[in-house]
Amino acid sequence: MSARTHSRPAPAPRAGAATRLPWWALALPTLAFVALLALVLDPSDAHATAGEPALTLLVERAQQLMAR
């Protein structure tokens with residue numbers, strides 16, 4: 001009994017297959033890396049501050065935007 005052979009599918013054309021990343025796809029990981037690197041280099045600044053509500057509001061706003 002002969003085994004059935006399968007042929008390979010034809011490769012997809014690459015004429016219009018260019019994919020571009022949005023600007024934030026590189027900016028956000030870079031920003032996170034820099035922030036974590038800053039904490040590693042100077043861990044004394046890693047404590048929570050109660051005197052800066054602007055930072056808290058910024059983080060809350062970022063969470064709201066990501067939740068959408």
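Residues numbered from 1 in each chain as written. Predicted model: local features only at pLDDT ≥ 70, side-chain atom pairs only at ≥ 80, totals over all residues. Heavy atoms only, no water.

1. Description of the overall build of the chain
Note the cut-off: Helix and strand definitions follow DSSP, with helices as H or I runs of at least four residues and strands as E runs of at least two, each counted in order from the N terminus. The rule is simple: take the accessible area with a 1.4 Å probe, protein chains only, and divide by the maximum for that residue type; under 20% is buried, over 50% is exposed, in between is partly exposed. The protein chains shown are the only cover counted for residues, whose accessible areas, like all others here, come from Shrake-Rupley with a 1.4 Å probe.
The helix and strand tally for the chain stands at two helices and zero strands. Counting across all 68 residues of the chain, residues that qualify as buried make up 0%. Summing over all exposed atoms, the chain offers an accessible surface of approximately 7,200 Å²; the carbon and sulfur share of this is 66%.

2. Thoughts on a nonpolar patch on the surface
Worth spelling out the cut-off: Only residues whose relative accessible area exceeds 30% and that take part in no salt bridge are eligible for patches, with like-charged residues grouped when within 9 Å of each other and nonpolar side chains (Val, Leu, Ile, Met, Phe, Trp, Tyr) grouped when within 5 Å. In what follows, salt bridge is the name for a side-chain nitrogen of Lys or Arg lying within 4 Å of a carboxyl oxygen of Asp or Glu.
Taken together, the side chains of Trp23, Trp24, Leu28 and Leu31 present a nonpolar region at the surface, about 540 Å² in accessible area. Topologically, Leu28 is positioned in helix H1 (residues 24-41).

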